[in-house]
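# Report on the structure
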Amino acid sequence: MLNKIFGSPQQGYSGAPTPQSISHCCIGKELMPRWRGPEQMDDDTNALGFVCHACGREFGHDMVRNRKISQS
Ligand SMILES: [Zn+2]
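A brief look at the structure comes next. This is a predicted model, so every value here is computed, not measured. (Residues numbered from 1 in each chain as written. Predicted model: local features only at pLDDT ≥ 70, side-chain atom pairs only at ≥ 80, totals over all residues.)

### Notes on the overall build of the chain
From N to C terminus, the chain includes zero helices and four strands. When the helices and strands of the chain are placed in sequence order, the string is β-β-β-β. Counting all 72 residues of the chain, 15% fall into the buried class. Look at the contacts in the chain between residues 6 or more apart in sequence, and 60% of them connect residues 24 or more apart. (Helix = DSSP H or I, 4+ residues; strand = E, 2+ residues; numbered from the N terminus. Buried ≥ 20, exposed ≤ 12 C-beta atoms within 10 Å, placed from the backbone. Contact = placed C-beta atoms within 7 Å.)

Have a look at this one:
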């Protein structure tokens, strides 16, 4: 079962997402789409962003365009 990340703030994640390159940490890690709600979870293009579970960093669509996103 895959966990879904919704639009609510993540506990333990402080600070606004900073647009920057995907770090080495995030390469090879699954990025989980973050959604507004369950009704929009059918399409990655509706995701608010993509979160690396290893470091908690969030990326926008531009950052993950060439990456594989974990899918349910
Ligand atoms: Zn990372």
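### Some remarks on the nonpolar core
Membership of the largest hydrophobic core is limited to eight residues, which are Cys 26, Leu 31, Met 32, Trp 35, Ala 47, Phe 50, Val 51 and Phe 59. Elements with a minimum of two residues in this core: strand S2 (31–35) and strand S3 (49–52). When residues of this core are assigned to their parent elements, the largest contribution, three residues, is made by S2. (Core = buried A, V, L, I, M, F, W, Y, C linked by C-beta atoms within 7 Å.)

### Re the pairing of S3
The pairing of S2 with S3 spans four bridges and is classified as antiparallel. Note on S3: the bridge partner recorded for Leu 31 is Cys 52. Connecting the antiparallel pair S3 and strand S4 (residues 58–59) is a turn made up of five residues, with Gly 56 showing a positive phi of about 80°. (Pairing = 2+ DSSP bridges.)

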